[in-house]
Amino acid sequence: MPNISSDPYWWNAAPPQDFQIESWPNQVDVVIIGGGYTGFGAAITLARAGLDVVIIERDQIGSGASTRNGGITSGNIRLSFDKLSKRFGKEKAIAFYREAKTARADLFNFINTEEIDCDLQSCGRLVGALRPESLEGMKREADKLDKLLDIESTIYDQANLPNCIDTPRYCGGVLRDDISGIHPAKLLAGMCKVARAELVKISTQTKVLSVSQNKQASTDQNFCVETTRGTIRAGHVISATNAYTDSSQPWLRRRLVPVISEMIATEELGENMVRSLMPGMNMYSEALQLGHYYRPSPDGKRVLLGGRRMSADPVKARNRLVKGLTSIFPQLSDASISNHWFGFVAFPFDQLPKLAVHDGVFYPSGFCGSGTVWARWLGQKAALMVLNDLNGSEFQNIPFRTMPFYSGDPWFLPLAMNFYAFQDKFKTTTK
Ligand SMILES: Cc1cc2nc3c(=O)[nH]c(=O)nc-3n(C[C@H](O)[C@H](O)[C@H](O)COP(=O)(O)OP(=O)(O)OC[C@H]3O[C@@H](n4cnc5c(N)ncnc54)[C@H](O)[C@@H]3O)c2cc1C
């Protein structure tokens, strides 16, 4: 068995980083807990407005999900347009989807303006359908998004699907042009560089132990943040810990379900092979609850594929991903795997991202596995709230519920996963 690294493939080009603060700041304007896309999205906005900002990171910059992900900039909302309309009304559903469109465009604009070298590929994302009924539903959704929001899609049937992908698994698919690919770890490293240039202070290997509010104190010292390196007083606190939230933030922990998402990277297959499998060189996913997401590596030499973890045993988990890979590309039955890694994604119980405020602390969180767009965007929105900017977010005032007796340990997850797997069986055609 060849040596399979448990580090993300992305770390070859952009490994996690450590930063220390020369003299510990006893007081700052804003403390941000967590150094991923959310934290840096907030920090850059605040520092550019002239505020004194510190990011406190328990581990290294990049040890969370922001360097472990697939780099597919979907800005996805898990609930379909129809489900959102039923729950919130059509106008609000349009507003949610419009914000997703704006957030995606804002990320591309940010990457281009800041000249962040993160292998941005404006290649579109194809969602493969395993059954004709799924394809029909996807076509209806695509038609709605086109009419209501000018989001264009291209429909592929069995005949023209080989222009995008060479697979026996799908009967068609829908390609969205507005979704791209990035190198996730290079994006985070680029955001970190921008933040440092704006004099954001960063302290890694520093764990936040507690956050308390003193309403009697002056507003610029409202909060007391206790860390393993010392205490900081601050006017504001933004929590950017998302699926990695620990017991120092019990309110948030009770509202998020951390779910393992994991990926494999093949050894180099060569550009010709990868292009023959994926002639569209797009980003890809599947119309299933527990479907796979996959893509060519930015250099076009490997295939990277991810999915939700179904087994606690890492070997079984890897075998499941390999099985997924070969069910899409039987041509890869002999391919070796170079990396197999995992990370956590956070789901609120209603499966909608949140921009919540509780006891004065801002909580941009719960991106349901689509944080390459949402995390930076809602981190930035939290910063704008600190700055009293009234351009809010549609995700601001929706209830952020927990469940009785839930404290952050999702004992029910295996049951939920099996339920989704059961549902998926009916969306999988027998060929
Ligand atoms: C395998 C995988 C594949 C994915 N694929 C995609 C994809 O293709 N497209 C997409 O859009 N999204 C994807 N995602 C989701 C995306 O990566 C996340 O939504 C996003 O990175 C969340 O960013 P964040 O900044 O909120 O959190 P993170 O990047 O997870 O950062 C949180 C940080 O908080 C720190 N922290 C926690 N507690 C403390 C504490 N007490 N003190 C100090 N620091 C603390 C942690 O150490 C961590 O570094 C994927 C995720 C995974 C794991």
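Note that this is a predicted model, so its numbers are computed, not measured.

Two aromatic rings, taken as a pair, are described by how far apart their centres are and by the angle between their planes. Applying the stated criterion across every chain yields a total of 16 aromatic pairs. Arranged with centres 6.3 Å apart and planes meeting at 45°, the rings of F349 and F412 form a pair that is tilted. One end of the pair, F349, is in the loop between β14 (337-348) and β15 (354-358); the other, F412, is in the loop between α9 (371-386) and α10 (413-425), and 63 residues separate them in sequence. The partly exposed category is assigned to F349, whose relative accessible area is 25%. A connected cluster of aromatic rings, assembled from ring pairs, spans F88, F96, W374 and F395. Its guanidinium or amino end placed over the ring of F342, R309 lies 4.9 Å from that ring's centre, counting from NZ or CZ.

Take the domain arrangement of the chain next. By domain assignment, the chain separates into domain 1 (14-68 + 186-257 + 349-414) and domain 2 (122-180 + 258-347 + 415-425). Listed as interface residues are 20 residues of domain 1 and, on the opposing side, 16 residues of domain 2. With both chains or domains summed, domain 1 and domain 2 bury close to 1,500 Å², and 57% of this area falls on carbon and sulfur atoms. If you sort the residues of domain 1 by the area they bury against domain 2, R68, V257 and L413 come out on top, with a joint share of 34%. Seen at the junction of domain 1 and domain 2, the total is 0 salt bridges. Taken together, the connections running from domain 1 to domain 2 amount to 14 residue pairs in polar contact (both at pLDDT 80 or more). Going through the elements one at a time, β10 (256-266) and α10 are the ones with two or more residues in the side of domain 1 that touches domain 2. Residues that form the side of domain 1 that touches domain 2 fall into these classes: 13 nonpolar, 5 polar and 2 charged.

Parameters and conventions
Residues numbered from 1 in each chain as written. Predicted model: local features only at pLDDT ≥ 70, side-chain atom pairs only at ≥ 80, totals over all residues. Heavy atoms only, no water. Phe/Tyr/Trp six-rings, centres within 6.5 Å; stacked < 30°, edge-to-face > 60°. Helix = DSSP H or I, 4+ residues; strand = E, 2+ residues; numbered from the N terminus. Buried < 20%, exposed > 50% of the residue type's maximum accessible area, 1.4 Å probe, protein only. Lys NZ or Arg CZ within 6 Å of the ring centre and 35° of its normal. Domains from an automatic or database assignment. Contact = heavy atoms within 4.5 Å. Buried area = accessible area lost by both parts, 1.4 Å probe. Salt bridge = Lys/Arg side-chain N within 4 Å of Asp/Glu carboxyl O. Polar contact = N/O pair within 3.5 Å; in protein donor to acceptor, adjacent residues only side chain to side chain. Nonpolar A, V, L, I, M, F, W, Y, C, P; charged D, E, K, R; others polar.

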